[in-house]
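Here is what each chain is made of, one letter per residue.
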Amino acid sequence: MQQNSPYRILEPTPKLRPFIRRLLVADSSYPINQVVRPAPTGYNYIGWIFSGSIHGQVDGKPLPASSLSKLHVSGQIQYQEIEVVYSGKLGHILAECSATGLYQLTGIPGEKIHAVSTNVDTLAPEVAAKIDPALENITDDLSDTTTDRATHRVEVFQTQLCSLLEEAISVPEYISTAVQIIENAKGNIQIADVLSQLNVSPRQLRRSFKKIVGVTPKYFAKVLQMNKLLQALYSNDNDTLNKLGQEAGFYDQAHFINVMQQFFSSSPRAFLQSSEPLLAVFLAESRNCL
């Protein structure tokens, strides 16, 4: 087991912040051979592997391999059994999108990549054609010796994402508002209360939210709740955990354990004992940038 995650967290450039929540960047100098079982975060991802390899399976079926230098997208997880295998000297830039950000930048609906990781050129070839050439032509002959190769690649990657801003897709205001309400409440809100602040029917909100974000508003809220609870688990703060559990509607420990089992295929204790640093950086910590 690795002692540290190979990923470091970076803030996106200001122009991208409405669409990208944060960047996770790995540039390992040592080989990584690790199997991780991802859990729901509530958000979609767009990334680029520049060395090493990442592949996996969903419910026992292999995912399409993400080729080196290829843009790839990864969608929402909802009760699927997923395994991801990291191998080689991992070089990976992964942008965690805002709830609507991936759709706005690429036009790829969240529901189309539900429980899927695949190359961008299979879903949005025009986006790949615009970005891939610049990524493939990167060299490591840096004139500025203070700039490492990952930092240089992050700069180019963000520049290419910024090139998509001129054609960014707008989303219905009620979707943006619903996302904001749920995030501000850290998921601890009834969807009926969200709807009371919107001029839209429950069916319309559910259908449009699921298409763009990839999951229903109710599930999105529950994922945010669970990740907030995970933060208390990771910090071993039992008082906060009990309080958050009550606020989230977990009537007793058995109820909480049952929901943990649904979301993370593990009891709270077993999750903590088996949780890898590589997995942790995607979960509870990801709520800190809200």
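Data block above holds the structure.
Residues numbered from 1 in each chain as written. Predicted model: local features only at pLDDT ≥ 70, side-chain atom pairs only at ≥ 80, totals over all residues. Heavy atoms only, no water.

*Asks:* Could you clarify how one ought to interpret the packing of aromatic side chains in this entry?
*Replies:* Aromatic rings in a pair are described by how distant their centres are and how their planes are angled relative to each other. Throughout the structure, instances matching the rule amount to five aromatic pairs. On the numbers, 6.5 Å between centres and 80° between planes, the contact of Tyr7 with Tyr86 is edge-to-face. Linking Tyr7 in strand E1 (residues 7-10) with Tyr86 in strand E7 (residues 82-97), this pair joins segments that are 79 residues apart in sequence. One exposure class covers both Tyr7 and Tyr86, and it is buried. Measuring from ring centre to ring centre gives 5.4 Å for Trp48 and Phe50, while their planes differ by 50°; the resulting arrangement is tilted. Among the aromatic residues, those joined into a ring-pair cluster are Tyr43, Phe209 and Phe220. One Lys or Arg, Arg153, reaches over the ring of Phe50 and ends 4.7 Å from the middle of that ring. (Phe/Tyr/Trp six-rings, centres within 6.5 Å; stacked < 30°, edge-to-face > 60°. Helix = DSSP H or I, 4+ residues; strand = E, 2+ residues; numbered from the N terminus. Buried < 20%, exposed > 50% of the residue type's maximum accessible area, 1.4 Å probe, protein only. Lys NZ or Arg CZ within 6 Å of the ring centre and 35° of its normal.)

*Asks:* Before we go on, may I ask you to explain the packing of helix H4 (residues 173-184) against helix H7 (residues 217-234) in this structure?
*Replies:* Packing of H4 against H7 brings their axes to within 10 Å, and their N-to-C directions diverge by 30°. Taken together, the axes of H4 and H7 lie roughly parallel to each other. Relative to H7, H4 is oriented so that their crossing is right-handed. Of the residues in H7, those touching H4 at Val179, Ile182 and Glu183 are Pro217, Phe220, Ala221 and Leu224. Partitioned by chemical class, the residues of the contact of H4 with H7 number six nonpolar, no polar and one charged. (Axes fitted to C-alpha atoms, helices over the stretch in contact; angles between N-to-C directions. Parallel < 35°, antiparallel > 145°, perpendicular 65-115°, else oblique. Left-handed = near helix turned anticlockwise from the far one by under 90°. Contact = heavy atoms within 4.5 Å. Nonpolar A, V, L, I, M, F, W, Y, C, P; charged D, E, K, R; others polar.)

*Asks:* Before we go on, may I ask you to explain the nonpolar core in this structure?
*Replies:* Taken as a class, soluble globular proteins show a tendency for nonpolar side chains to be buried jointly. Counting residues in each nonpolar core, the largest one holds 57 residues, and the members touching the most others are Tyr7, Leu205, Phe209 and Phe220. Top contributing element to this core by residue count: H7, with nine residues. (Core = buried A, V, L, I, M, F, W, Y, C linked by side-chain atoms within 4.5 Å.)

*Asks:* Please clarify how H4 should be interpreted in this entry.
*Replies:* Think of an α-helix as turning once every 3.6 residues; residues three or four places apart then point the same way. Between its first and last C-alpha atoms H4 spans 16 Å; for twelve residues at 1.5 Å apiece the expected length is 16 Å, and the two agree. Those residues of H4 lying buried are Tyr174, Ile175, Ala178, Val179, Ile181, Ile182 and Glu183. At its buried positions, H4 is contacted by helix H5 (191-195), helix H6 (202-213) and H7. Of the residues flanking the end of H4, it is Lys186, one or two places downstream, whose phi is positive at about 55°. (Expected span 1.5 Å × (residues − 1).)

*Asks:* What should I look at first to understand the pattern of salt bridges in this one?
*Replies:* Once the charged atoms of two side chains with opposite charge are near each other, the side chains can pair. If you walk through the whole model with that rule in mind, you get five salt bridges. We note a salt bridge from Glu83 to Arg37, for which the minimum N-O separation is 2.9 Å. Here Glu83 is found in strand E7, whereas its partner Arg37 is found in the loop between strand E3 (32-36) and strand E4 (45-58), with 46 residues between them in sequence. Taking relative accessible area as the criterion, Glu83 reaches 26% and is therefore assigned partly exposed. In the salt-bridge network here, residues are joined through shared partners; they are Arg21, Arg22 and Glu96. (Salt bridge = Lys/Arg side-chain N within 4 Å of Asp/Glu carboxyl O.)

*Asks:* How should I be thinking about the packing of H7 against helix H9 (residues 253-264) in this particular structure?
*Replies:* With their axes 11 Å apart at the nearest point, H7 and H9 run at an angle of 110° to one another. Between H7 and H9, the angle is such that the two are roughly perpendicular. Here Tyr219, Lys222, Val223, Met226, Leu229, Leu230 and Leu233 of H7 lie close against H9, whose contacting residues are Phe256, Val259, Met260, Phe263 and Phe264. Residue composition of the contact of H7 with H9, grouped by class: eleven nonpolar, no polar and one charged.

*Asks:* What am I meant to see in the pairing of strand E6 (residues 71-74) here?
*Replies:* Along any regular strand, the residues point their side chains to alternate faces of the sheet. Of the two faces of E6, both are covered, the one formed by Leu71 and Val73 as well as the one formed by His72 and Ser74. The sheet contact formed by E4 and E6 spans four bridges and is antiparallel. Among the inter-strand pairings, Gly47 is bridged to a residue of E6, identified as His72. As judged from the three bridges shared by E6 and strand E8 (residues 117-119), these two strands associate in the antiparallel manner. In the sheet register, His72 faces E8, and the bridge partner there is Asn119. (Pairing = 2+ DSSP bridges.)

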